[in-house]
Every structure is written in structure tokens, then in C-alpha cells.
Amino acid sequence: MTLPMFVETHPRDELVRTERLPHIWCPGCGLGNILSGFTQAIINSKGTIPIDNQVVVSGIGCSGRFAGYVKVDSYHTTHGRAIPFATGLKLANKKLNVSVISGDGDLMTIGGNHLIHAARRNINLNVIFVNNFNYGMTGGQFGATTPHGAITTTSAKGNYEHPFSMPYLMASAGASYVARWTTLHLKQLEKSIENAFHHDGFSFIEVMSPCPKGFGRKNNFKTGLDQMRYFESASLKSDNINLKEATASMKLLDNLPVGEFIIDNKPSYLKVKEATILNNGGRT
Ligand SMILES: Cc1ncc(C[n+]2csc(CCOP(=O)(O)OP(=O)(O)O)c2C)c(N)n1
Ligand code: SF4
Ligand SMILES: [Mg+2]
């Protein structure tokens, strides 16, 4: 009897550089979930945004490897500089839907100045900010989003600094779409990425993601699943959120707000720029 031939395919194969698999990410890492949500959002948006117009820009780090796995035009740039690179792309060709996907260390601790100014300008970019609370790729050092008291390779006695609340920072800097999810909220994340794609202005989505190797195992979350349990017990969807206090302490009794916090239809950078040029009789 001849057995039927099975060819292993996956509905999102068209958006993943399968020739690069297996990927470099550790077992239990949350980055695979984010890849899945992001590529599905591209597929769901096909009717309004052609895949050829989708662009991904990443900086350096485990999260920065994203640009190497997603099968659209993608750029793996230098550490902390994904935002200026992406800004240049968008200004040069406004048809492109430009998404920046990178880590907390890359986008905030190293490249924070670019991030706040892009938000202030309400520049037309989608930023997917992977917050795994540390510099995962280089061995688990603390950074600007590491919880107070957390143990890392550079805070062996507990981090005595305080982390940024990223949604609070981005909202006060001027971002017109601000959301936060964890890798447990895959469906909500997917929908939120689609909303960011269709939002005219600077969209910021923080995704809290397990890093069992760099962060979790030093902080009572031995596996990625332990960290997902923390997300499950702590995450809270509420209409009455104080973004200022919305940081993660990584204690099981946390209230960790998630949701779409800001949707503001103020004019985007490009809209204002075009209107100004028209008012000036075409002079730039
Ligand atoms: C200019 C520069 N400084 C430092 C490094 C070393 N480096 C590589 S990845 C990284 C940390 C990345 O952290 P994050 O963005 O949080 O990504 P993760 O690995 O946690 O996903 C650092 C400091 C570098 N590549 N270039
Ligand atoms: S070090 Fe952390 S972020 Fe990097 S691949 Fe491993 S688990 Fe993921
Ligand atoms: Mg990180």
C-alpha cells in the first residue's frame, strides 16, 4: 500500500522565512508568539494593505532578530537606531506601512531619545515594543524596564532603579495610539496590531514577553510557562487605569493593566506636513 504524501505547511508560511528555521530563540521564549500574532495581522490586513507595502525594521537583540524571520522587506539595523531608520523609510515612501519591532533594551534603554521624539512628532510608524524586562541576548543585564528589586546579572542584590511605565511615557510624549498586551493575549495582540496598522499616526504597543533564560530563572519564573502564569494572574483589563503606576513588579499579586489605552485622532506628522505645504503654495 502506498502511503499518501504529507507536505508540512502552515497557514503563515508565506510570511515566515522558513529557510532560516530553526530559529535562535530559547524554549519558552515569548518571541514566537509575537511573530505569530504579527504575521497573522499582516494576513488579516491584506485587503487594505498589500503585503508588498509592509516593512519591518528591528534593532539589535533577540527581539531584533524579528527582521530576519518575517518575510516582507525587512531591515536589521544598528543598536538603538531602528526608529530613525524607519522614519527615513516612511518619509521617503509614504505608501509603506512601516513597523518597528524590537526590544526594551534596544528601543528604550539605548534608543529612548529616538522613541520619545518619534512619539512627540506623531510620526506614522507602528512600534511593537517587546518588553522582556532585560537585555536578553547579552546575558540578562538590567535596563530601563527591569522591575524594581529584580535580580539580573548586573543587579545581583536586586535592581535599585525604578522602571519606566512605557504606556505612560509614550502617552505623555504624544503617541496617538497606545496599547499593552502580554504574549498570553495573542488574539487581542493580533487585533491591536491590525488597529495600529490602520491608525494614522504614531502607534505604540508594549508586549510583555517571557525571557526564561535571561530574566525568568533568576526571578522565580523558571520556565516561560511560569511567566505566562504570572501574566494570567496579574493582567487586568479595566477602563479606570492609572498609566503612571502601570509598571510590572513581577509579584504574583500585581495588577498589570492591559488594553488599548489611548486612541487619539489628532493629525499625524505626514498629514500636518502635507497641509502645511499646501498652505505655503507648494513650498516645503
Ligand atoms: C552599540 C552596541 N552596544 C551594545 C551592543 C550589545 N548588545 C547586543 S543586544 C543588546 C541588548 C538587547 O536587549 P533588548 O533590546 O532588550 O533585546 P532582547 O535580547 O532582550 O530581546 C546589547 C546591549 C551592541 N550590539 N551594539
Ligand atoms: S535570551 Fe531570552 S529573549 Fe533571548 S531568545 Fe532566550 S528567552 Fe528569548
Ligand atoms: Mg529585552
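The text that follows walks through the structure, step by step, so that each part is easy to find. (Residues numbered from 1 in each chain as written. Chains lettered and ligands numbered in written order. Predicted model: local features only at pLDDT ≥ 70, side-chain atom pairs only at ≥ 80, totals over all residues.)

**Quick look at the site of ligand 1**
The condition is simple: Only the C-beta atom matters for nearness: placed from the backbone, it must lie within 6 Å of the molecule or strand for the residue to count as near. Comment: elements are numbered from the N terminus, with helices defined as DSSP H or I runs of at least four residues and strands as E runs of at least two. Amino acid classes used here: Ala, Val, Leu, Ile, Met, Phe, Trp, Tyr, Cys and Pro are nonpolar; Asp, Glu, Lys and Arg are charged; the rest, including Gly, are polar.
If you check the shell around ligand 1, you find 17 residues, and the closest are Gly61, Gly103, Gly105, Asp106 and Gly136. Contributing elements (two or more residues each) for the shell around ligand 1: strand 3 (97-103) and helix 4 (104-110). Per element, the largest residue contribution to the shell around ligand 1 is three residues, and it comes from helix 4. A class-by-class count of the residues in the shell around ligand 1 yields five nonpolar, 10 polar and two charged.

**Brief notes about the site of ligand 2**
Every residue near ligand 2 is listed here: Trp25, Cys26, Cys29, Leu31, Cys62, Asn132, Gly136, Met137, Cys211, Pro212, Lys213 and Gly214. Residue classes in the shell around ligand 2 are distributed as eight nonpolar, three polar and one charged.

**Looking at the sheet that holds strand 2 (residues 73-76)**
Spelled out, the test is: When DSSP finds at least two bridges between two strands, those strands are taken to pair. Note on method: axes are straight lines fitted to C-alpha atoms, helices fitted across the in-contact stretch only, with angles between N-to-C directions ranging 0 to 180 degrees.
Taken together, the seven strands give an open sheet; going across it, the order is 2-1-3-4-6-5-9, and neighbouring strands pair in mixed fashion. Either end of the sheet is taken by a strand with one partner, and the two such strands are strand 2 and strand 9 (259-263). Taking each pair of neighbouring strands and ignoring which way they run, the sheet shows an average axis angle of 15°. Direction of pairing for strand 5 (residues 177-182) relative to strand 6 (residues 203-208): parallel, over a ladder of six bridges.

**Observations regarding the nonpolar core**
Here is the rule we go by: A set of buried residues drawn from Ala, Val, Leu, Ile, Met, Phe, Trp, Tyr and Cys, joined through C-beta atoms within 7 Å, is what defines a nonpolar core. Whether a residue is buried, exposed or partly exposed follows from its count of other C-beta atoms within 10 Å of its own C-beta, namely 20 or more, 12 or fewer, or something in between, respectively; the C-beta atoms are built from the backbone. Two residues qualify as being in contact provided that their C-beta atoms, derived from the backbone, are within 7 Å of each other.
Residues Phe38, Ile128, Phe129, Phe204, Ile205 and Val207 are the most contacted members of the largest nonpolar core, which totals 66 residues. No other element matches helix 1 (residues 31-44), which puts six residues into this core. Apart from the residues within four sequence positions on either side, Phe129 is in contact with Asp104, Leu107, Met166, Phe204, Ile205, Glu206 and Val207.

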